[in-house]
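Structural description and commentary
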Amino acid sequence: MKLSKILLLLSIAYAFSACTVKNYAYLEKNQNPNKTVLKIDDKTYEKDALFKWKISAGDRIEIQAYNQSSSAANGQLTHLLSSGGQKYYTTRYGDEGTLIKPDGKILLPLIGLVKVAGLTEDEASQMLIEKYKKFLKHPYVSVQILNQKLFVVGEVAKPGVVLVTNGTMNLFEALAQTGDLTDYANRTNIKILRGSMRDPEVREVNLNDFKSVRMASLILRPNDVVYVEPRADRADMVGADEELPFWRLLGAVLSPFANAAVIYRVVK
């Protein structure tokens, strides 16, 4: 078979196997431009740093209740209630703890139905202590929200759900939990979506610019969505990777002809 026919067949095969241009971006760059916060003032940053999540319907909480035998500092603690199972979790499956009903209430021994929705962990603990004082001399109650989480999507190694175990988490912690950014990530325009998904507040962070990082708030809250958008040339980079086998095949096919031509010139 002549070389020209071989090249023609390979060209036809490449045309049929060539990938169409792919769009890897989730959000349009010019969508909701007025919702982008580029600079966070000190007051807003302090508010983010001091943020405490409030219990709401659908949350799962763990309650530990104790009674101290005397008011002395060395008084013995008696474990009265463990609503939520084991104290410490290495993994969570989503069914631990006590589920907060739609009315925001839970049912507890002695005190019955109590509403905890709308309270922080500390506020709920103090409220339950006051309730138990009607039956116990020195009660102690701790409350922990178990299902706080945020979401990291886009160009990270392991996109998905990230558990928030300390009330808040910063952006670098969330990226570390998801295996860091991929080679295709746009590091200059990482978006943080907060609030209602119908009309979210959108913040942008440029990780390549230290001044931009300093002026942004990197503190994340539960239910935040971190979106790492792809670089503009991601489709080209992926396309080049996908086309590499074709060019290797072409090189393998043409190599004998090139070698034969070289040998022919040398002999001649």
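This one's a predicted model, so the numbers in the text were calculated from it and none came from an experiment. (Residues numbered from 1 in each chain as written. Predicted model: local features only at pLDDT ≥ 70, side-chain atom pairs only at ≥ 80, totals over all residues. Heavy atoms only, no water.)

Glancing now at the overall build of the protein chain. Counting its secondary structure elements, the protein chain contains 6 helices and 14 strands. Residues classed as buried in the protein chain amount to 35% of the 268 residues present. When contacts within the protein chain are restricted to residue pairs at least 6 apart in sequence, long-range pairs at least 24 apart make up 62% of them. (Helix = DSSP H or I, 4+ residues; strand = E, 2+ residues; numbered from the N terminus. Buried < 20%, exposed > 50% of the residue type's maximum accessible area, 1.4 Å probe, protein only. Contact = heavy atoms within 4.5 Å.)

Counting across every chain of the model gives 1 aromatic pair. When the ring of Y66 is compared with that of Y140, the centres are 6.1 Å apart and the planes differ by 35°; the resulting orientation is tilted. You can see Y66 sitting in strand 2 (residues 60–68) and its partner Y140 sitting in strand 7 (residues 139–145), a full 74 residues away along the chain. Given the relative accessible area of 42%, Y140 is considered partly exposed. (Phe/Tyr/Trp six-rings, centres within 6.5 Å; stacked < 30°, edge-to-face > 60°.)

What follows concerns the pairing of strand 12 (residues 201–205). In terms of residue burial, strand 12 counts as a mostly covered element, since 4 of its 5 residues are buried. Bridge count for strand 11 (residues 185–194) against strand 12 is 5 bridges, and the pairing is antiparallel. By the bridge assignment, R194 is partnered in strand 12 with E201. As consecutive antiparallel partners, strand 11 and strand 12 are separated by 6 residues, and within that stretch G195 has a phi angle of approximately 95°, a positive value. (Pairing = 2+ DSSP bridges.)

As a further point, take the pairing of strand 5 (residues 105–108). Residue alternation in strand 5 divides its side chains into a buried set, I106 and L108, and an unburied set, K105 and L107. Where strand 5 lies against strand 6 (residues 112–115), 4 bridges are found, and the strand directions are antiparallel. Looking across to strand 6, one finds that L108 is bridged to G112. Linking strand 5 to strand 6, which pair antiparallel, is a turn of 3 residues; within it L110 sits at a positive phi near 75°.

What follows covers the pattern of salt bridges. Scanning all chains against the criterion turns up 5 salt bridges. A salt bridge links D122 to K52; its shortest N-O distance comes to 2.9 Å. Taken together, the residues D122 in helix 3 (residues 121–132) and K52 in the loop between helix 2 (42–49) and strand 2 connect sequence positions 70 residues apart. The shortest N-O distance in the salt bridge between E130 and K133 comes to 3.4 Å. With a relative accessible area of 40%, E130 lands in the partly exposed category. (Salt bridge = Lys/Arg side-chain N within 4 Å of Asp/Glu carboxyl O.)

On to the confidence of the model for the protein chain. With 61% of its residues at a pLDDT of 70 or more, the protein chain shows a mean pLDDT of 75. Note on residues 32–38: pLDDT is under 50 here. Beyond four places in sequence and across chains, it has 12 contacts. Here residues 85–91 is modelled with pLDDT under 50, and outside its nearest four sequence neighbours on either side it reaches 13 contacts, counting other chains as well. (pLDDT = per-residue confidence, 0-100.)

A few words on the side chain of T120. If you trace the backbone, T120 turns up in the loop between strand 6 and helix 3. Given a relative accessible area of 9%, T120 falls into the buried group. When neighbours within four sequence positions are excluded, T120 is seen to be in contact with K52, W53, K54 and I55.

Below, the discussion takes up helix 3. Given a rise of 1.5 Å per residue, 12 residues ought to cover 16 Å, and the 16 Å separating the end C-alpha atoms of helix 3 matches this to within 8%. Within the sequence span of helix 3, burial applies to A124, S125, M127, L128, I129 and Y132. (Expected span 1.5 Å × (residues − 1).)

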